[in-house]
Amino acid sequence: MHPDPAFRWPKSGNDHNDADERAALEALIAQIGFGMIFATTPDGPRVAHVPVFSTGDGALQFHLSRGNALTKSLVGLTALCVINGPEAYVSPDWYGVDDQVPTWNYLTLELEGSVREMEQEGLIALLDDLAEQNEAKLAPKTPWHRDKMDAGKFDKMVDSIVGFEMEIKAWRPTAKFSQNKPAVARENAADALDAIGRRAVAHMIREFSPK
């Protein structure tokens, strides 16, 4: 999480609502659906890149191949998951304000918690949940379902992976989108990003402007 409170999201204050904050973070996980799992193992620090699924009750699920460097050590460890959203370089020339420096704007969420191994039944449910959630984003495409596969082949593929669940103890989101700049500078930067096709970050700069 960024050390500057200006970039912490969601904001706290008199209108702060824990339920709304959690809903926003859950929606971010569902929208992006992919993250990095970091842990320190007896062999040293390791990272895995994985599709992720939030259960909605404080847990994050994912799976790894049996041969992954994290798989044999992950159970019982405290791990970190990082989920990255839109990002872009911001040139100081774009602000139209003197004495600025280059920077990077970005959205990210860090999740920390202990990890347990899932039973095979839970792993299969996770695979179904991941497919359903991500196939829904492809509408009007007819959603894929594992019923389309040969059952024996599916079972063999499931045997080659391990399911994990992280009990999330800390949620640390960062939304760094030039909130520390004057309004005119933010708008200038957003216009410049729009012009080079970085529309998601331009939108975020306007969305996260200080109120």
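Nothing here was measured: the structure is a model prediction, and the numbers come from that model. (Residues numbered from 1 in each chain as written. Predicted model: local features only at pLDDT ≥ 70, side-chain atom pairs only at ≥ 80, totals over all residues. Heavy atoms only, no water.)

As for the overall build of the protein
Now for step 1: Across its full length, the protein carries 5 helices and 7 strands.
Now for step 2: Its helices and strands in sequence order give the protein the pattern α-β-β-β-β-β-β-α-α-β-α-α, from N to C terminus.
Now for step 3: Over its C-alpha atoms, taken along the principal directions, the protein stretches across nearly 65 × 45 × 35 Å.
Now for step 4: Within the protein, the proportion of its 211 residues that are buried is 41%.
Now for step 5: When the 22 basic and 31 acidic side-chain charges of the protein are each reduced to a single mean position, those positions are 4 Å apart. (Helix = DSSP H or I, 4+ residues; strand = E, 2+ residues; numbered from the N terminus. Buried < 20%, exposed > 50% of the residue type's maximum accessible area, 1.4 Å probe, protein only. Lys, Arg positive; Asp, Glu negative; His and termini not counted. Charge placed at Lys NZ, Arg CZ, Asp CG, Glu CD.)

Description of the confidence of the model for the protein
Now for step 1: Model confidence for the protein is summarised by a mean pLDDT of 93, while 96% of its residues fall at 70 or above.
Now for step 2: Per-element averaging of pLDDT across the protein places helix α1 (residues 18–32) at the bottom with 88 and strand β4 (residues 59–65) at the top with 98. (pLDDT = per-residue confidence, 0-100.)

As for the side chain of Thr-108
Now for step 1: As for its placement among the helices and strands, Thr-108 is situated in strand β6 (residues 103–117).
Now for step 2: Thr-108 sits in the buried class, given a relative accessible area of 9%.
Now for step 3: Side-chain polar atoms of Thr-108 contact the backbone oxygen of Ile-83, separated by 3.2 Å.
Now for step 4: Non-local contacts of Thr-108, meaning those with residues more than four positions away in its chain, are made with Val-82, Ile-83, Asn-84, Arg-172, Pro-173 and Thr-174. (Polar contact = N/O pair within 3.5 Å; in protein donor to acceptor, adjacent residues only side chain to side chain. Contact = heavy atoms within 4.5 Å.)

Examining unusual backbone geometry
Now for step 1: Following Ala-139, the chain continues to Pro-140 via a peptide bond in cis, the omega torsion being 15°.
Now for step 2: Despite not being glycine, Ser-178 shows a phi value in the positive range, around 60°.
Now for step 3: Residue Ser-178 is classed as buried on the basis of its relative accessible area of 2%.

Comments concerning α1
Now for step 1: Between its first and last C-alpha, α1 extends 21 Å over 15 residues, near the 21 Å set by a 1.5 Å rise per residue.
Now for step 2: Backbone geometry just after α1 places Gly-33 at a positive phi near 75°. (Expected span 1.5 Å × (residues − 1).)

Some remarks on the sheet that holds β6
Now for step 1: On the basis of which strands lie adjacent, the open sheet formed by 7 strands has the order β2-β1-β5-β6-β7-β4-β3 and antiparallel pairing. Each edge of the open sheet carries a strand with a single partner, namely β2 (44–51) and β3 (53–54).
Now for step 2: Taken together, the 7 bridges between β4 and strand β7 (residues 161–176) define a ladder with antiparallel strand orientation. Across the sheet, the residue bridging to Leu-60 is Met-166, located in β7.
Now for step 3: Packing of helix α2 (residues 120–135) onto the sheet brings it into contact with β2, β3, β4 and β7, and relative to β4 it is tilted by some 100°. (Pairing = 2+ DSSP bridges. Axes fitted to C-alpha atoms, helices over the stretch in contact; angles between N-to-C directions.)

A few points about the packing of aromatic side chains
Now for step 1: Per the counting criterion, the structure on display carries 3 aromatic pairs.
Now for step 2: Look at Phe-62 and Phe-164: their rings are 5.7 Å apart centre to centre, the planes differ by 25°, and that puts the pair in the stacked class. In this pair, Phe-62 is assigned in strand β4 and Phe-164 in strand β7, connecting sequence segments 102 residues apart.
Now for step 3: Residue Phe-164 is classed as buried on the basis of its relative accessible area, which comes to 0%.
Now for step 4: Plain terms: the ring middles of Phe-177 and Phe-208 are 5.6 Å apart, the flat faces sit at 25° to each other, and that makes the pair stacked. (Phe/Tyr/Trp six-rings, centres within 6.5 Å; stacked < 30°, edge-to-face > 60°.)

A few points about the nonpolar core
The nonpolar side chains of soluble globular proteins are, as a tendency, buried together.
Now for step 1: Within the largest apolar cluster, 40 residues are counted, with the highest numbers of intra-cluster contacts made by Phe-62, Leu-74, Leu-111 and Met-166.
Now for step 2: Looking at this core element by element, the count peaks at 6 residues for β7.
Now for step 3: Apart from the residues lying within four places of it in its own chain, the contact partners of Met-166 are Gly-58, Ala-59, Leu-60, Phe-62, Ala-79, Leu-80, Cys-81, Leu-111, Glu-112, Gly-113, Ser-114 and Val-115.
Now for step 4: Met-118, Leu-130, Phe-154 and Val-158 belong to the second-largest nonpolar core, a separate cluster that totals 9 residues. (Core = buried A, V, L, I, M, F, W, Y, C linked by side-chain atoms within 4.5 Å.)

Topic: the pairing of β4
Now for step 1: Burial analysis of β4 places 6 of its 7 residues in the buried class, which makes it a mostly covered element.
Now for step 2: Note that β3 and β4 share 2 bridges and pair antiparallel. Within β4, the position partnered with Ser-54 by the bridge is Leu-60.
Now for step 3: Hairpin connection of β3 to β4: 4 residues between the antiparallel strands, including Gly-56 at a positive phi of 85°.

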